[in-house]
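Architecture and fold: a report
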Amino acid sequence: MNTTASFSILLLLCGVSQALFLKNFDDMLVTEPEHVDITKKILDSNNGSTELLIEGDLVFPKTRNAIYCFNNNCLWKKNSKNLVEVPYTVSREYTSNEKRTIENAMMTFNSKTCIRFVPRSSQTDYISIENNDGCYSLLGRTGGKQQVSLQRNSCVYNDLVQHELNHALGFEHEHARSDRDKYIRINWKFISPDMVDAFEKQNTNNLNTPYDYGSVMHYGRTAFTNQDGKETITPIPDASVEIGQTRGLSNIDIMKINKLYGCTI
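Described in the following lines is the structure provided in the data block. Just so you know, these numbers come straight off a predicted model, no measurement behind them. (Residues numbered from 1 in each chain as written. Predicted model: local features only at pLDDT ≥ 70, side-chain atom pairs only at ≥ 80, totals over all residues. Heavy atoms only, no water.)

Across its full length, the protein carries 5 helices and 9 strands. Along its sequence from the N terminus, the protein presents helices and strands in the succession α-α-β-β-β-α-β-β-β-β-α-β-β-α. Out of the 265 residues belonging to the protein, those deemed buried represent 47%. Taking the contacts inside the protein whose residues are at least 6 apart along the sequence as the reference set, 71% of them involve residues at least 24 apart. (Helix = DSSP H or I, 4+ residues; strand = E, 2+ residues; numbered from the N terminus. Buried < 20%, exposed > 50% of the residue type's maximum accessible area, 1.4 Å probe, protein only. Contact = heavy atoms within 4.5 Å.)

This is how it looks when you write it as structure tokens:
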């Protein structure tokens, strides 16, 4: 083999190696922590947040009681095509890879419900996705600009993005459902006194859907525990059922969205 051919092959191999390195590096950036439930990821990120948060990641409502959100005043509106447009902006502080992670998380809503997250043009009501100090959201549409905080390096993962976006659509935590006592046991003695509010039942609209242990909105079994390893939430009657999963929207999550917004998809 002549010198020119050898050099060409060497350059080709270097190019392939570089491409593989960049691909692996890109994949590494979006790899989610393994064996860590959604609660721990949220609470670790929100530790020390300057926002007044309730239930761990809901912004305390300053103008109305956002807990009772299941009414037409806090739902996003349908357009003439019977689609629910949710305009959004994304902070320039995110990398292109982080923006892609956020947009990919939105695609599940766009493909499986009548929700359409669309880049904002001039809409008055919209969500502003920002790199603030934690993972948190308001509950439902509040009017005007409303923040969804997704802190870099701790919140920009598919499950966390979908969790906070689902709050913005008007959905409470699953373990706070009005009928939850049939499906989980709250172990009050292991709950930190300042976090009791995170376990209060809410006046939720359950939409005639089954309780969803696998919901992306369900906190994990040791959420807000005051003793390492002690469960604050125990599924019943089968205590081994998985809760606090990190795979993103469940089938029942999707069903609820479609029911609440009257989707015909």
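After that view, the rundown keeps rolling.
Before going further, it helps to examine unusual backbone geometry. Omega for the peptide link from Ile-236 to Pro-237 comes to 5 degrees, which places this bond in the cis form. Although it is not a glycine, Asn-208 adopts a positive phi angle of roughly 55 degrees. In this fold, Asn-208 is placed in the loop between β8 (184-186) and β9 (233-235).

To continue, consider the packing of helix α3 (residues 96-112) against helix α4 (residues 158-169). Running from N to C, α3 and α4 point in directions that differ by 55 degrees, and their axes come no closer than 9 Å. When the axis of α3 is compared with that of α4, the two are oblique. Crossing of α3 against α4: the hand is right-handed. Facing α3, whose interface residues are Thr-101, Ile-102, Ala-105, Met-106, Thr-108 and Phe-109, α4 presents Asn-158, Val-161, Gln-162, Leu-165, Asn-166 and Leu-169. (Axes fitted to C-alpha atoms, helices over the stretch in contact; angles between N-to-C directions. Parallel < 35°, antiparallel > 145°, perpendicular 65-115°, else oblique. Left-handed = near helix turned anticlockwise from the far one by under 90°.)

Let us now look at the pattern of salt bridges. Summed over the entire model, instances satisfying the criterion amount to 10 salt bridges. For Arg-180, the salt bridge goes to Asp-181, with nearest N and O atoms at 2.8 Å. Judged by its relative accessible area of 3%, Arg-180 falls in the buried class. Three or more residues are tied together by salt bridges with common partners; here these are Glu-174, Arg-177, Asp-179 and Lys-256. (Salt bridge = Lys/Arg side-chain N within 4 Å of Asp/Glu carboxyl O.)

Let us now look at the packing of aromatic side chains. Two aromatic rings, taken as a pair, are described by how far apart their centres are and by the angle between their planes. As enumerated under the stated definition, the model contains 6 aromatic pairs in all. Seen in terms of ring centroids, Trp-188 and Phe-199 are 6.4 Å apart; in terms of plane orientation they differ by 70 degrees. Their pairing is edge-to-face. Here the residue Trp-188 occupies a position in the loop between β8 and β9, and Phe-199 occupies one in the loop between β8 and β9, the gap between them amounting to 11 residues. Relative to Phe-224, the ring of Phe-199 has its centre 5.7 Å away and its plane inclined at 85 degrees; by these criteria the two rings are edge-to-face. Of this pair, Phe-199 sits in the loop between β8 and β9 while Phe-224 sits in the loop between β8 and β9, and the two are 25 residues apart along the sequence. Judged by its relative accessible area of 0%, Phe-199 is buried. Put simply, the rings of Trp-188, Phe-199, Tyr-219 and Phe-224 pair up and form one aromatic cluster. (Phe/Tyr/Trp six-rings, centres within 6.5 Å; stacked < 30°, edge-to-face > 60°.)

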